[in-house]
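Structural overview
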Amino acid sequence: MIPLFSVSMSADAPAAVAQILGSGRIGQGAKVEEFERALGAAIGNPRVATLNSATAGLHLALRLVAGDGGPGGDPEGEVLSTPLTMEATNWAILANRLRIRWVDIDPATLNVDLDDLARKISPRTRAIMVVHFAGYPVDLDRLEEILDEAEARFGFRPAVIEDSAHAWGATYRGRPLGNHGNISVFSFQAIKHLTSGDGGAIVLPTDEAHERARLLRWFGIDRTADRLRNPPDVLEWGFKFHMNDINASIGLANLAGVDRVLARHRENAAFYDRELAGIPGLELTERAGDRESSFWIYPMKVEDRESFMKRMDDAGIMVSNVHERNDLHTCVREYSALLPNLERVAPRVVCVPVGSWVTDEQRGHVVDTIRKGW
Ligand SMILES: Cc1ncc(COP(=O)(O)O)c(C=O)c1O
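Our subject in this report is the structure included herewith. (Residues numbered from 1 in each chain as written. Predicted model: local features only at pLDDT ≥ 70, side-chain atom pairs only at ≥ 80, totals over all residues. Heavy atoms only, no water.)

**Re the packing of helix H3 (residues 54-66) against helix H4 (residues 87-95)**
- Put simply, H3 and H4 touch, their axes get as near as 9 Å, and they point 40° apart. Considering their axes alone, H3 and H4 lie oblique with respect to each other. As H3 runs across H4, the sense of the crossing is right-handed. Contacts from Thr55, Leu58, His59 and Leu62 in H3 reach Ala88, Thr89, Ala92, Ile93 and Ala95 in H4. (Axes fitted to C-alpha atoms, helices over the stretch in contact; angles between N-to-C directions. Helix = DSSP H or I, 4+ residues; strand = E, 2+ residues; numbered from the N terminus. Parallel < 35°, antiparallel > 145°, perpendicular 65-115°, else oblique. Left-handed = near helix turned anticlockwise from the far one by under 90°. Contact = heavy atoms within 4.5 Å.)

Written out as structure tokens, the structure is:
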């Protein structure tokens, strides 16, 4: 079976971990700092705080921009978000005791539909959550224009949180994500381009937000203070979301080779773009010249997904839609909304193996199987 996902683990990782395990210090320490410096250099923004997951990063991001709503929550406060994502994106909104307002998706990109988003900004909007689905960047300049309009109309500018869990290495207008004035959250979970075993990072637009994130990821306690002789006061309670040196050492080992991993995802995607273009009834997603996807997954839209999936399965190719729409879950029933694009497109989305483990021969087999069955 050609897997849809596989772990990209550096051969140097076991020795790096062994060194930490034998060092007498395995918690958050020098390796975490080294990993953060290296991530900051790769992104081009040094304001990085590593965490134990992207899920933690999304919880923290919403806390930074919207608070937890205070006692009893903010009964009116809404976060605009996409339903086509991993549940982690949206459950962070609920955890911060805010309401979800679903925004429809753009069928061309599978990202949020920015026109629908513009229509749904209101005085109740506390934040906007966007997901760079599959690693394909949202049009961040258009989003800025929408925020300018909202500011002129309502007198405030909702904060944007970019869920970049799929998007390590993706660029928008020539710069890596994490550089566009918003909070951006990356995932280093097992099957991402860059894995630290499990882990994530929050990347901040200002020094002040960075400092606050660093405090709130560990109870609100300043780890740089002399906690024995002069224990620091906690001004704002925080979480236990930090990364440890074991995970950081895995992340550092993998960071050294991540550009090769990313390049192979992109090569395989370019092959599919070429070989699958123009097949009637099979729609690829948009490619705009001003952004470069990380192609964590390779989504396409097919008419009869069930028989497509059966055919691929019979040919030894693992395929999946990867993420189920989030808005149909019982726990978010109260936020249900009419989402015509999602309704039409979600049942047709399917992803084929595109990662660095997919060989030339295997990607050829994927294309042949699709063409033969058409
Ligand atoms: C879009 C999206 N956001 C958030 C997450 C959560 O990432 P993590 O597993 O690092 O918490 C995922 C996980 O795959 C994801 O796909």
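**Re the site of the ligand**
- If you check the shell around the ligand, you find 17 residues, and the closest are Thr55, Asp163, His166, Ser187 and Lys192.
- Thr55 places a side-chain nitrogen or oxygen 2.5 Å from an oxygen atom of the ligand.
- Counting residues per element, the ones that place at least two in the shell around the ligand are H3 and H4.
- The leading source of residues in the shell around the ligand is H3, at three residues.
- Along the lines of polarity and charge, the residues of the shell around the ligand split into six nonpolar, nine polar and two charged. (Near = heavy atom within 4 Å. Polar contact = N/O pair within 3.5 Å; in protein donor to acceptor, adjacent residues only side chain to side chain. Nonpolar A, V, L, I, M, F, W, Y, C, P; charged D, E, K, R; others polar.)

**Description of unusual backbone geometry**
- The backbone of Arg97 sits at a positive phi, close to 55°, despite the residue not being glycine.
- Within the element layout of this structure, Arg97 appears in the loop between H4 and strand S3 (99-102).
- You can call Arg97 partly exposed: its relative accessible area is 37%.
- A positive phi angle, close to 70°, is found at Ala134, a residue other than glycine.
- The class for Ala134 is buried, based on a relative accessible area of 5%. (Buried < 20%, exposed > 50% of the residue type's maximum accessible area, 1.4 Å probe, protein only.)

**As for the packing of aromatic side chains**
- Scanning the model with the defined rule gives eleven aromatic pairs in all.
- Each member of the aromatic cluster is reached from another via a ring pair, and the members are Phe35, Trp168, Phe186 and Phe188.
- Over the ring of Trp296 we find Lys192; its NZ or CZ atom is 4.8 Å from the centre of that ring.
- Lying over the aromatic face of Trp218, Arg223 brings its terminal NZ or CZ to 4.4 Å of the ring centre. (Phe/Tyr/Trp six-rings, centres within 6.5 Å; stacked < 30°, edge-to-face > 60°. Lys NZ or Arg CZ within 6 Å of the ring centre and 35° of its normal.)

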